[in-house]
Amino acid sequence: SRMIYDIRHVTTYRYDAPVSSARCTLRLLPSDEDGQRVFDSGLEVAPNPSAITERKDFFGTRVANVTIASNHRELRITALSRVEVERRPAPAGELTPAWEDVRQSAFASTALGAQAPAHFLYPSRLVPLHAPATDYARESFGKGRPIVEAAAELMTRIRKEFKYDPKATAVSTPLSEAFET
């Protein structure tokens, strides 16, 4: 079914003392993609920015770079968007391919575009392999299990067994520490 959403997202920074300038990289603007069409979107920034530029990153995400050159104690960023969403229903989990077949196809792919599996298959400096997290996920991925069914079960387990605490971790918290916490 088709839905139109009007979205208002406000981020406010308050500083203990006046700051003379600010530079922000914002990822708050939606993009057109399969099943989603952006009618209108924009940013309101206070205090008024001295410069604002927009670009798309490698993955197609709209990125706004904002520079504020005036003294301020509060920075308020409001993203306003009107988006139409019309997506196909998700496939029945039990009718999707076995996760091993999907894994094999991903590793066999030679594509390097933004949606290529190579960007998501390998450990990195920020997201290394962590055996306890791998073992936890493995419980949902039995031999030959359909991938969407397995992924849905893993998400359900995480929601049930993990408590969200916004103060427990930060963006820089290593996976091992976040998982153990």
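Placed above this text is the structure.
All values reported here derive from a predicted model rather than from experimental measurement.

### A few points about a nonpolar patch on the surface
Next, step 1: Together, Met-3, Tyr-5 and Ile-7 line one region of the surface with nonpolar side chains, adding up to about 280 Å² of accessible area.
Next, step 2: Tyr-5 sits in the partly exposed class, given a relative accessible area of 40%.

### Regarding helix α4 (residues 147-161)
Next, step 1: Between its first and last C-alpha atoms α4 spans 21 Å; for 15 residues at 1.5 Å apiece the expected length is 21 Å, and the two agree.
Next, step 2: Within α4, the full set of buried residues consists of Ala-150, Leu-154 and Arg-157. An end-on view of α4 places all buried positions within 65 degrees of arc, on one side of the element. Opposite its buried face, α4 presents the exposed residues Met-155, Arg-159 and Lys-160, each directed more than 90 degrees away.
Next, step 3: Buried residues along α4 sit in contact with α3 (131-138).

### As for the side chain of Ser-41
Next, step 1: Tracing the chain through its elements places Ser-41 in strand β3 (residues 36-46).
Next, step 2: Within polar-contact distance, the side chain of Ser-41 engages the side chain of Arg-62 at 2.7 Å.
Next, step 3: Residues within four places of Ser-41 in sequence aside, it is in contact with Leu-29, Pro-30, Arg-62, Leu-80 and Ser-81.

### Focus: the pairing of strand β5 (residues 62-68)
Looking along a regular strand, one sees the side chains alternate between the two faces of the sheet.
Next, step 1: Most of β5 is tucked away: five of the seven residues are buried.
Next, step 2: Note that strand β2 (residues 22-29) and β5 share six bridges and pair antiparallel. Paired with Thr-25 across the two strands is Asn-65, which belongs to β5.
Next, step 3: The pairing of strand β4 (residues 51-56) with β5 spans six bridges and is antiparallel. Bridge pairing in β5 links Arg-55 to Val-63.
Next, step 4: Turn length for the β4-β5 hairpin, with the two strands adjacent in sequence and antiparallel, is five residues, and the turn residue Gly-60 shows positive phi of about 90 degrees.

Rules of the game
Residues numbered from 1 in each chain as written. Predicted model: local features only at pLDDT ≥ 70, side-chain atom pairs only at ≥ 80, totals over all residues. Heavy atoms only, no water. Patch = residues over 30% accessible without salt bridge, like charges linked within 9 Å, V, L, I, M, F, W, Y side chains within 5 Å. Areas by Shrake-Rupley, 256 points an atom, 1.4 Å probe, with all protein chains shown as cover. Salt bridge = Lys/Arg side-chain N within 4 Å of Asp/Glu carboxyl O. Buried < 20%, exposed > 50% of the residue type's maximum accessible area, 1.4 Å probe, protein only. Helix = DSSP H or I, 4+ residues; strand = E, 2+ residues; numbered from the N terminus. Expected span 1.5 Å × (residues − 1). Arc of directions from axis to C-beta. Contact = heavy atoms within 4.5 Å. Polar contact = N/O pair within 3.5 Å; in protein donor to acceptor, adjacent residues only side chain to side chain. Pairing = 2+ DSSP bridges.

Honestly, that's just the spatial picture; any functional story needs more than this.
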